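The residues making up each chain are set out below.
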Amino acid sequence: MTSVVSVNPATGVEREMEIEETTVTHVRELCRRASLAAPVIAARPLSWRAALLRAMADELEIDAAPLVTVAEEETALSKVRLQGELRRTAFQFRFFARVVDDGAFLAVSIDHATDSPMGPLPDLRRLRVPLGPIGVFGSSNFPFAFSVPGGDTASALAAGCPVVVKAHPAHPATSLATFNALKRAATRSGAPEGLLSIVFGVGAGIALVEDPAITAVGFTGSVSAGRELWRRANARSTPIPFYGELGSANPLVVTRGAAAERGSEIGVAIGESMTLGVGQFCTKPGLLFVPKDNGGDALVDSLVNTLRRLGSMTMLTSAIAEQFRQRCLSMTSIQDVSLLVDAKPEGGARVNAHLIEVSVSTFDKTTSQILHDECFGPLAVVVRYETNDELVNALARIEPALTFSVFTTENDNDAAPLVELGSWRAGRVITNGFPTGVGVSWSMQHGGPWPATTAATATSVGAGAIDRWLRPVTFQNLSTELIPEPLRDDNPLGVPQRVDGRFHAGNASSDT
């Protein structure tokens with residue numbers, strides 16, 4: 001048996017925890033319990049489900065101080081950053097309680113029996129039901145918002161699905177502490193055993209994806225790990241959906257007009273955005289397309305000066321930091337690539353910001369994919385373009401992304417074509433702002449075409465995240481006493497319904 005080890009990346013000090021990596025046998029038992037809990041949870045009233053989510057938010061806030069302390073020791077992220085992330089995480093649970101209260105996620109549709117041009121149609125009633133037990137993989141860079149108590153867990157529970165979470169090895173103590181807070185809320189709410197479980201270890205993660213009780217997986221993490229787990233999910237005798245966020249370089253384009261108007265200002269802001277969280281955001285702008293003119297020069301100069309003023313930074317783990325350093329070395333060895341910002345190499349988990357510049361012609365012609373791919377850490381590639389044709393050709397070559405940002409000016413003729421191109425190439429298009437903030441809301445889309453994610457139609461943030469854990473069922477010619485409550489004509493739950501083609505808002509509330 002292998003003990004789980006917690007490491008402080010700032011000091012390198014290791015602490016052996018009083019738990020061991022989860023065996024395959026135990027993973028199977030936890031998944032079995034989840035499968036037994038699934039029909040029980042699905043049968044509970046929506047009001048119970050919403051109350052459970054609010055109780056979980058309460059417990060996270062009760063434990064806020066010790067949770068932030070343990071996360072600070074395991075991630076080297078600042079206390080202020082972690083306090084804000086924990087507030088967001090509690091809000092996320094309450095937000096999904098509102099989604100449940102609203103009821104629109106059920107997508108209720110009722111067609112009464114009628115004659116039609118195709119002949120008599122029976123009574124048909126359709127809604128969405130929970131898939132069943134969900135496997136969730138916590139990510140390294142957000143120990144709260146995308147980890148054990150993250151959006152995948154909150155949205156799956158909102159859908160009425162039990163959850164088995166694979167803890168990330170970068171913050172196992174934080175994972176266990178947040179799990180205990182959620183578990184207290186589940187117990188206080190009278191949840192069945194099997195509603196929520198946690199596993200540790202690489203082998204446990206593989207076993208989780210392959211267990212026949214698991215009906216879908218949510219994953220945020222590296223491209224290599226995500227693609228391997230995605231392959232295993234599809235190689236099962238019964239393949240399951242694998243909703244993986246695999247990262248992207250997130251292009252940011254500055255038009256000539258924007259560079260001329262406020263190039264220096266944009267350069268400073270880019271430096272702050274690309275180093276936010278030590279550049280360990282999946283939405284970090286990593287490819288910067290800047291015009292090769294005086295405005296563009298001013299932007300690059302201010303960006304360089306901003307990065308040079310920064311000291312060394314601590315990444316989440318020494319392994320991640322070493323991967324970053326090796327990636328920087330590989331990129332700077334490419335012909336015709338200029339290193340604009342570098343510093344004395346650090347060791348352990350410490351790194352320095354890097355900035356690389358390349359002409360658009362070199363970027364467009366290079367056979368090395370490394371300039372195009374995401375680099376996890378405080379590095380960005382500046383691509384200098386002279387004409388719009390050069391810019392569009394280069395943008396067409398890069399892989400689709402989570403985000404696409406455009407800095408423009410009022411009445412800028414270059415803007416509209418770029419925004420349209422971005423809508424084809426990313427899940428979220430931003431103008432005159434940065435993608436590193438991902439708000440939890442009804443309209444957020446945090447996803448993108450392959451290879452940014454494994455499912456371009458899905459989002460892992462916002463109300464739409466619940467859609468991943470539901471499937472539609474149609475009931476035909478049911479007697480009145482058998483019709484599920486959301487599908488009844490008298491609509492006792494007050495949920496939105498589409499009845500014989502007409503939409504009725506219902507009276508369910510999403511404001512409580």
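Preceding this paragraph is the structure being described.
Because the structure is predicted, anything quoted here is derived from the model rather than measured. (Residues numbered from 1 in each chain as written. Predicted model: local features only at pLDDT ≥ 70, side-chain atom pairs only at ≥ 80, totals over all residues. Heavy atoms only, no water.)

Brief notes about the sheet that holds strand β18 (residues 379-385)
Right, so step 1: The strand order across the open sheet formed by seven strands is β15-β17-β18-β13-β12-β19-β20, and the pairing between neighbours is mixed. The two strands at the open ends of the sheet, each matched to only one other strand, are β15 (338-341) and β20 (426-431). Each adjacent strand pair in this sheet contributes to an overall mean axis angle of 20 degrees, direction not counted.
Right, so step 2: Here strand β13 (residues 287-291) runs beside β18; their pairing, made up of five bridges, is parallel. Bridge pairing in β18 links valine 290 to arginine 384.
Right, so step 3: Sheet contacts for helix α14 (residues 415-425): β12 (251-254), β19 (401-407) and β20; angle to β20, the most-contacted strand, approximately 155 degrees. (Pairing = 2+ DSSP bridges. Helix = DSSP H or I, 4+ residues; strand = E, 2+ residues; numbered from the N terminus. Axes fitted to C-alpha atoms, helices over the stretch in contact; angles between N-to-C directions. Contact = heavy atoms within 4.5 Å.)

A word on the nonpolar core
Right, so step 1: Formed by 135 residues in total, the largest nonpolar core has its most connected members in Met56 and Phe289.
Right, so step 2: Once you skip the residues sitting within four places of it in the chain, phenylalanine 289 turns out to touch Pro251, Leu252, Val253, Val254, Phe363, Val383, Tyr385, Leu391, Ala394, Leu395 and Ile398.
Right, so step 3: Formed by 20 residues, the second largest nonpolar core is a distinct cluster that contains Cys31, Phe137, Ala213 and Phe242. (Core = buried A, V, L, I, M, F, W, Y, C linked by side-chain atoms within 4.5 Å. Buried < 20%, exposed > 50% of the residue type's maximum accessible area, 1.4 Å probe, protein only.)

Overview of the packing of aromatic side chains
When we look at a pair of aromatic rings, we describe it by the centre distance and by the angle of the planes.
Right, so step 1: For the structure shown, the criterion picks out eleven aromatic pairs.
Right, so step 2: When the ring of phenylalanine 142 is compared with that of phenylalanine 146, the centres are 5.3 Å apart and the planes differ by 55 degrees; the resulting orientation is tilted.
Right, so step 3: Assessed through its relative accessible area of 12%, phenylalanine 142 is described here as buried.
Right, so step 4: By relative accessible area, which is 12% here, phenylalanine 146 ends up buried.
Right, so step 5: Seen from their ring centres, tryptophan 230 and tryptophan 450 are 5.2 Å apart, and the 45 degrees between their planes marks the pair as tilted. Placement of the pair is tryptophan 230 in helix α8 (residues 223-235) and tryptophan 450 in the loop between β20 and β21 (470-476), with a sequence separation of 220 residues.
Right, so step 6: Among the aromatic residues, ring-to-ring pairing joins Phe91, Phe95, Phe96 and Trp442 into one connected group. (Phe/Tyr/Trp six-rings, centres within 6.5 Å; stacked < 30°, edge-to-face > 60°.)

Description of the environment of glutamate 74
Right, so step 1: Locating glutamate 74 in the fold gives a position in helix α3 (residues 64-75).
Right, so step 2: Relative accessible area serves as the criterion here: at 1%, glutamate 74 is assigned to the buried category.
Right, so step 3: Residues glutamate 74 and glutamate 322 lie 248 residues apart in sequence; the distance between their C-alpha atoms is 17 Å.
Right, so step 4: Those residues in contact with glutamate 74 that lie beyond four places of it in its chain are Ser6, Val7, Pro9, Ala170, His171, Pro172, Ala173, Thr174 and Leu316.
Right, so step 5: Among the polar contacts listed, one links the side chain of glutamate 74 to the side chain of threonine 174, at a separation of 2.7 Å. (Polar contact = N/O pair within 3.5 Å; in protein donor to acceptor, adjacent residues only side chain to side chain.)

Everything listed here is a matter of geometry and, on its own, says nothing about what the molecule does.
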